[in-house]
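Structure at a glance
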Amino acid sequence: MITRKIEWEEQHIIEHESFLHLYPQKLTDDSNEFYFHEILDLSYKESQRSFGLLYVHTTRGLYPYKVRENPIEFIKMVEEKIKGMM
């Protein structure tokens, strides 16, 4: 997660590591809970930089996450859990 802060006419960029956790009924991060019935889709966009973007599309909006590795296996696990709920 990246936070930008302007203090005394200087911009500070703060980056900290957080995790997505997969539970039997939901997906969570440090400040959000996404129950499987709220998740519409997950997608991944690779970047030329040392990271890519994982997008969690929900009924509450789009949540982007910067990731260092391709999350295809994680996406498959979440999609299987969502299908299992139907």
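Quick look at the structure, then. The numbers attached to residues start from 1 for each chain and follow its sequence in the written order. Residues qualify for local features only when their pLDDT is at least 70, as the model is predicted, and side-chain atom pairs are given and counted only at 80 or more; totals for whole chains, interfaces and linings, by contrast, use all residues. Excluded from the side-chain calculation are hydrogens and water; included are all heavy atoms of the structure.

**With respect to the overall build of the protein**
Tallying secondary structure elements over the protein gives 1 helix and 8 strands in all. If you list the helices and strands of the protein from N to C, you get β-β-β-β-β-β-β-β-α. Put simply, the protein has 86 residues, and 27% of those count as buried. Two residues qualify as a contact provided that any one of their heavy atoms is within 4.5 Å of a heavy atom in the partner residue. If you take every contact in the protein between residues at least 6 apart in sequence, the share linking residues at least 24 apart comes to 31%. Per element, the accessible surface of the protein, about 6800 Å² overall, is 51% carbon and sulfur. Every helix listed is a DSSP run of H or I at least four residues long, and every strand listed is a run of E at least two residues long, numbered separately from the N terminus. For the exposure calls, accessible area comes from a 1.4 Å probe over protein chains only, and a residue counts as buried if that area is under 20% of its type's maximum, exposed if over 50%, partly exposed in between. We get accessible surface area from the Shrake-Rupley algorithm with a probe of 1.4 Å; when it comes to residues, only the shown protein chains can shield them.

**Digging into the nonpolar core**
Nonpolar side chains tend to gather and get buried jointly when the protein is soluble and globular. Nonpolar cores were defined as sets of buried Ala, Val, Leu, Ile, Met, Phe, Trp, Tyr and Cys residues, with membership established by side-chain atoms within 4.5 Å. The biggest cluster of nonpolar side chains holds 14 residues, and the ones touching the most others in it are Phe34, Ile39, Leu42, Leu54, Val56 and Val78. Sorting the residues of this core by element identifies β6 (39–45), β7 (52–58), β8 (61–67) and α1 (72–85) as the ones contributing at least two each. The element that contributes the greatest number of residues to this core is α1, accounting for 4 residues. Look past the residues within four positions of Phe34 in its chain and what remains in contact with it is Lys26, Leu27, Asp29, Ile39, Val56, Thr58, Arg60, Tyr63 and Tyr65.

**Some details on the sheet that holds strand β4 (residues 26–28)**
Spatial strand order, β3-β4-β5: 3 strands in an open sheet with antiparallel pairing. Since the sheet does not close on itself, it has two edges, and those belong to β3 (21–22) and β5 (33–35), each with one partner. Paired strands, in this sense, are two strands between which DSSP finds at least two bridges. Judged from the 2 bridges that link them, β3 and β4 form a sheet pairing that is antiparallel. For Leu22, the partnering residue across the bridge sits in β4 and is Leu27.

**What to know about the sheet that holds β6**
The strand order β6-β7-β8 describes an open sheet built from 3 strands, whose pairing is antiparallel. Single-partner strands in this sheet number two, and they are β6 and β8. Averaged over all adjacent pairs, the angle separating strand axes in this sheet is 15 degrees, with direction ignored. Strand direction decides the pairing type here: β6 and β7, joined by 6 bridges, are antiparallel. In this analysis, axes come from line fits to C-alpha atoms, helices being fitted only over the stretch in contact, and the angle between any two N-to-C directions falls in the range 0 to 180 degrees.

**Digging into the layout of surface pockets**
Estimates place the volume of the largest pocket at around 740 Å³. Cavities and pockets were defined on a 1 Å grid built from protein atoms only: a cavity is a group of points that admits a 1.4 Å probe but offers it no way out, a pocket is an open group of points flanked by protein on both sides within 12 Å along at least five of seven lines, and a lining residue is one with an atom within 4 Å of any such point. In this structure, the largest pocket is lined by 21 residues; those nearest its centre are Ser18, Tyr65, Lys66, Val67 and Arg68. Put simply, the parts of the chain that give the lining of the largest pocket at least two residues each are β7 and β8. Considering every element that reaches the lining of the largest pocket, the biggest residue donor is β8, with 4 residues. Across the lining of the largest pocket, the residue classes tally to 12 nonpolar, 4 polar and 5 charged. Grid points are joined across faces, edges and corners, and a volume is the space filled by probe spheres set on the points. Just so you know the grouping, Ala, Val, Leu, Ile, Met, Phe, Trp, Tyr, Cys and Pro go in nonpolar, Asp, Glu, Lys and Arg go in charged, and all remaining residues, Gly too, go in polar.

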